[in-house]
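Below are the chains, spelled out letter by letter.
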Amino acid sequence: LVTIDGVDSKDFDDAVWAEPDPHHKGGWHIIVAIADVAHYVHPDNLIDKEGLHRGTSVYFPDMVIPMLPEALSNDLCSLRPQEDRACVGVHLYIDATGQKHKHEFFRGLMRSSARLTYEQVQHAFDADAATEIGTDIQLIRHLYGAFHALDKKRKARGTLEVEMDEPRIHINQEGIISEISVRTRLDSHRLIEEFMVLANVAAAEFLEEKDVPTLYRVHDHPDAEKVQELRRTLKTLRIPWTGSLEKPGDFSKLLRSVSDSPFKRIVNEVVLRCQSQAVYTPINKGHFGLNLTHYS
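Rules behind the numbers
Each residue is numbered by its place in its chain's sequence as written, counting from 1. The predicted origin of the model limits local features to residues at a pLDDT of at least 70 and limits the giving and counting of side-chain atom pairs to 80 or more, whereas totals for whole chains, interfaces and linings rest on all residues. Note that water and hydrogens are dropped before the side-chain values are worked out from all heavy atoms of the structure. Only protein chains enter the calculation, and the probe is 1.4 Å; a residue is then buried if its accessible area is under 20% of its type maximum, exposed if over 50%, and partly exposed in between. Runs of H or I in DSSP of at least four residues are treated as helices and runs of E of at least two as strands, each being numbered from the N terminus. Starting at the helix axis, one direction is taken to each C-beta atom, and the arc is that of these directions. Any two residues having at least one pair of non-hydrogen atoms within 4.5 Å are treated as being in contact. Salt bridges are identified by distance alone: a Lys or Arg side-chain nitrogen within 4 Å of an Asp or Glu carboxyl oxygen. Put simply, buried Ala, Val, Leu, Ile, Met, Phe, Trp, Tyr and Cys residues joined by side-chain atoms within 4.5 Å make one nonpolar core. Any pair of Phe, Tyr and Trp rings, taking the six-membered ring for Trp, is counted once the centres come within 6.5 Å. Such a pair is stacked with planes under 30 degrees apart, edge-to-face with planes over 60 apart, and tilted for the rest. In this analysis the charged atom, NZ for Lys or CZ for Arg, is taken to sit over a ring once it is within 6 Å of the ring centre and within 35 degrees of the ring normal.

**Student:** Can you help me understand helix H3 (residues 118-127) in this one?
**Tutor:** An α-helix turns once per 3.6 residues; consequently, residues spaced three or four apart project the same way. Taken residue by residue, H3 has Tyr118, Val121, Gln122 and Ala124 as its buried positions. One side of H3 holds all its buried residues, which, seen down the axis, span an arc of 160 degrees. If you follow the buried residues of H3, they end up packed against strand S1 (2-5), strand S8 (114-117), helix H4 (137-157) and helix H5 (187-209). At the exit of H3 stands Asp128, carrying a positive phi of roughly 55 degrees.

Below is the structure:
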């Protein structure tokens, strides 16, 4: 397995691996593993109580205040290369169209073979050479092969694809902002996203099968008034759109229709603003943006 993160990441939460599925032509066998925090943090112990008090880790441009002690967050629960780490993982089996037909969870001990960045992985795949990243190019090919199958499934499903620039804030040694740049979105970013979405779907299904109460990541349908406001904005901008705006794929079609328009950025922002806020809830209402019925 390998970890793939941003160049400035300090801790590595998840690792991935893939190979062709010998039992299904064009299919793939994927492993997603995460650090097993529960191996160290037990219910109602001091670390658990302090974590509950903090609620989350807090991220700033140049630092993070972790929810858990740094001995865990940056060490024992960080999937460092060439070091044994407790993990929870899932075997995921998909067919050539990206449809999952089997999953199996496990707890175990893993060792990351390499700490990779998104840029390194994308360059290795584009150049078909892994000489600079210290891992087998065949693994990179397999990761992208599985990703391309999942991407087919995502497109066939019809998801919301909003294009928004993500700013990256650069801090100098005096702690002052020296530059704000735009992060380049690569297929390597989308690869990790698709692997994690699939693992989260499997987790939701697994917990339901075991009749275990859980929190879902729910993204409700857009508010009807906000959708009407979007239509009024399109009319003001003289963008002809008579199509439906009921499914996530409808919004994506609209955004593709303005991809060459000078109003592309405005329309993307208004589409994003008319969406409901995603929340965590024990009541499963599905995820509108991803067009999924189960997502945890």
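Following the structure, the description resumes.
**Student:** What's the story with the pattern of salt bridges in this structure? I'm lost.
**Tutor:** Opposite charge on two side chains allows them to pair when their charged atoms are near. Under the defined criterion, the tally for this structure stands at 21 salt bridges. The salt bridge partner of Asp128 is Arg141, with a shortest N-O separation of 2.8 Å. Within this pair, whereas Asp128 is found in the loop between H3 and H4, its partner Arg141 is found in helix H4, the two being separated by 13 residues in sequence. Residue classification places Arg141 among the partly exposed positions, given a relative accessible area of 33%.

**Student:** Quick question: what am I supposed to make of helix H8 (residues 264-273) here?
**Tutor:** All of the buried residues in H8 are Val267, Asn268, Val270 and Val271. What you see down the axis of H8 is that its buried residues fit within an arc of 165 degrees, all on one side. Exposed positions of H8 whose direction lies more than 90 degrees from the buried face are Arg265 and Arg273. The elements touched by buried residues of H8 are helix H6 (224-236) and helix H7 (248-257).

**Student:** What's the story with the nonpolar core in this structure? I'm lost.
**Tutor:** When a protein is soluble and globular, its nonpolar side chains tend to lie buried together. Core analysis: the biggest nonpolar cluster contains 33 residues, and Ile4, Val16, Ile30, Val32, Leu143 and Phe195 have the highest contact counts within it. For this core, the elements supplying multiple residues, two or more each, are S1, strand S2 (14-20), strand S3 (28-35), strand S6 (84-94), S8, H3, H4 and H5. With 9 residues, the single largest contributor to this core is H4. Excluding residues that lie within four positions of it along the chain, Val16 makes contacts with Leu1, Val2, Ile4, Ile31, Val32, Leu143, Ile192, Phe195 and Met196. By size, the runner-up hydrophobic cluster in this structure holds 16 residues, among which are Leu230, Leu234, Leu245 and Phe288.

**Student:** Can you walk me through the packing of aromatic side chains in this structure?
**Tutor:** Each aromatic ring pair is summarised here by two numbers: the centre-to-centre distance and the angle between the ring planes. Tallying each qualifying case throughout the model produces 4 aromatic pairs. Ring centres of Phe105 and Phe206 lie 5.0 Å apart, and the angle between their planes is 50 degrees; on these two criteria the pair is classed as tilted. Placement of the pair is Phe105 in strand S7 (residues 100-111) and Phe206 in helix H5, with a sequence separation of 101 residues. With 6.4 Å between their ring centres and 90 degrees between their planes, Tyr144 and Phe147 make a pair best called edge-to-face. With Tyr144 and Phe147 both in helix H4, this residue pair falls 3 residues apart, about one helical turn. In terms of burial, Tyr144 and Phe147 fall into one category: buried. Taken together, the ring pairs in this structure connect Phe125, Tyr144 and Phe147 into an aromatic cluster. If you follow Arg217 out to its NZ or CZ, it ends over the ring of Tyr280, 4.7 Å from the centre.

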